[in-house]
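# Close look at the chain arrangement
What follows is each chain in one-letter form.
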Amino acid sequence: MAILPILCYPDPRLHTVAKPVAQVDERIRTLVQNMFATMYDANGVGLAATQVDVHERVVVADVSEERNQPFVLINPELLWASEEKQLGEEGCLSVPGIYDGVERSVAVKIKALDENGQERIIEAEGFKAICIQHEMDHLLGKVFVEYLSPLKRNRIKTKLVKQQKQVAKA
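Since the model is a prediction, treat every value here as computed from it, not as a measurement. (Residues numbered from 1 in each chain as written. Predicted model: local features only at pLDDT ≥ 70, side-chain atom pairs only at ≥ 80, totals over all residues. Heavy atoms only, no water.)

### Some remarks on a nonpolar patch on the surface
Let me state the cut-off plainly: Residues with no salt bridge and a relative accessible area higher than 30% make up the patches, which join like charges within 9 Å and nonpolar side chains (Val, Leu, Ile, Met, Phe, Trp, Tyr) within 5 Å. Shrake-Rupley sampling with a 1.4 Å probe provides the accessible areas, and residues are treated as covered by the protein chains on show and by no other component. A carboxyl oxygen of Asp or Glu within 4 Å of a side-chain nitrogen of Lys or Arg is what we treat as a salt bridge. The way it works is that DSSP assigns letters per residue, a run of H or I at least four long becomes a helix, a run of E at least two long becomes a strand, and they are numbered from the N terminus.
A cluster of nonpolar side chains, namely L79, W80 and I121, defines an oily patch on the protein surface of about 310 Å² accessible area. Checked against the element boundaries, I121 lands in strand β7 (residues 119-125).

Written as structure tokens, this is what we have:
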């Protein structure tokens, strides 16, 4: 399994809308394995293919404390989202070190394929529902900082660009 490079905001590739996976085959299963390795290596709870510069509708996640309940969403579709919303602090592997409040539905129901191409209906609430919504946003080319005010977003962009330049010099 390979650790893949994670795109960092404000990389314009993060705004690419992912295309549906045509066929769940060995290439996709390898991508899923590499995405899990990358996510766990970075101490993340979710990772969308967009974040590793693969613009197909694939998400991996594991929100369990023990890190032993991984799940895969291929071509996820939102079937229902609760009207009840909750403001929660979110972070993102593509926006390292930045956490801020985002309002999301407290529960969702989605349809997706698993890594074997089997269709699944997943009902989630709480942290798992938030994670699913966050990762599905990535597939639409949306990063969580876009929910923040333009002022906050520009501050974050400036800070991350500065950090990336410092890393490039080192």
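There is more to say, and it comes next.
### So, helix α2 (residues 127-139)
Note the threshold: Multiplying 1.5 Å by the helix residue count minus one yields the expected span of that helix. A 1.4 Å probe rolled over the protein chains alone gives each residue an accessible area, and that area as a share of the maximum for its type sets the label: buried under 20%, exposed over 50%, partly exposed in between.
With 13 residues, α2 extends 19 Å from end C-alpha to end C-alpha; this agrees with the ideal 18 Å at 1.5 Å per step. With eleven of 13 residues buried, α2 lies mostly within the body of the structure. By the burial criterion, the buried members of α2 are A129, I130, C131, I132, Q133, H134, E135, M136, D137, H138 and L139. The first or second residue beyond α2 is G141, which carries a positive phi of 80°.

### Quick notes on the pattern of salt bridges
Taken as a whole and assessed by the stated rule, the structure comprises nine salt bridges. Members of the salt-bridge network, linked through shared partners, are D11, R13 and D53.

### Details of the sheet that holds strand β2 (residues 58-61)
What counts, and what does not: For two strands to be treated as a pair, DSSP must find at least two bridges joining them. Angles shown run from 0 to 180 degrees and are taken between the N-to-C directions of axes, each axis being a line fitted to C-alpha atoms and, for helices, limited to the stretch in contact. By definition, residues are in contact when any of their heavy atoms lie within 4.5 Å.
The strand order across the open sheet built from five strands is β1-β2-β3-β6-β7, with neighbouring strands paired in antiparallel fashion. Looking along the sheet, the strands with just one partner apiece sit at the ends: β1 (46-48) and β7. Neighbour-to-neighbour, the strand axes of this sheet turn through a mean angle of 40°, independent of strand direction. Sitting on the sheet, helix α1 (residues 26-41) touches β1, β2 and β3 (71-81), and the angle it makes with β2 is about 40°.

### Notes on the environment of F127
With respect to the helices and strands, F127 occurs in helix α2. In contact with F127, other than residues within four places in its own chain, are V45 and V63.

### Structural notes on the pairing of strand β5 (residues 95-105)
Summarising the sheet, strand β4 (residues 85-92) and β5 pair through seven bridges and their orientation is antiparallel. Following the sheet pairing, C92 is matched in β5 by V95. Linking two consecutive strands that pair antiparallel, namely β4 and β5, is a turn of two residues.

### Thoughts on the packing of aromatic side chains
We apply this condition: Only Phe, Tyr and Trp rings take part, Trp by its six-membered ring, and two of them pair if their centres are within 6.5 Å. Stacked means planes under 30 degrees apart, edge-to-face means over 60, and tilted covers everything else. Criterion for a charge above a ring: Lys NZ or Arg CZ within 6 Å of the ring centre, and within 35 degrees of the ring normal.
Here the structure, examined in full by the defined rule, presents one aromatic pair. Here the basic side chain of K128 rests over the ring of F71, its NZ or CZ set 4.6 Å away from the ring centre. Over the ring of Y147 we find K142; its NZ or CZ atom is 4.1 Å from the centre of that ring.

### Digging into helix α3 (residues 150-169)
Helical geometry note: an α-helix holds 3.6 residues per turn, so side chains three or four residues apart project in the same direction. Spanning 20 residues, α3 covers 29 Å between terminal C-alpha atoms, matching the ideal 28 Å at 1.5 Å per step. For α3, the buried fraction is low: two of the 20 residues fall into the buried class.

### Looking at the environment of R57
Condition: We call two N or O atoms a polar contact when they sit within 3.5 Å, provided that within protein one can donate a hydrogen and the other can accept it, with sequence-adjacent residues counted only if both atoms are side-chain atoms.
Relative to the assigned elements, R57 resides in the loop between β1 and β2. On the basis of relative accessibility, which here comes to 14%, the residue R57 falls in the buried class. For R57, the residues in contact, after removing those within four places along its chain, are A18, K19, P20, V21, L73, I74, N75, P76, M136, L139 and L140. Looking at R57, its side chain comes within polar contact range of the main-chain oxygen of P76, at 2.5 Å.

### A word on the nonpolar core
Soluble, globular proteins show a tendency: their nonpolar side chains are buried together. Where we set the bar: To form a nonpolar core, buried Ala, Val, Leu, Ile, Met, Phe, Trp, Tyr and Cys residues must be joined to one another through side-chain atoms within 4.5 Å.
Core analysis: the biggest nonpolar cluster contains 16 residues, and L73, I110 and I132 have the highest contact counts within it. Looking at this core, the elements that each hand over two or more residues are β2, β3, β6 (107-113), β7 and α2. With five residues, α2 is the largest single contributor of residues to this core. Look past the residues within four positions of I132 in its chain and what remains in contact with it is F71, L73, V108, I110, I122 and A124. Listed in part, the 15 residues of the second largest apolar core include V21, V24, I28 and V58.

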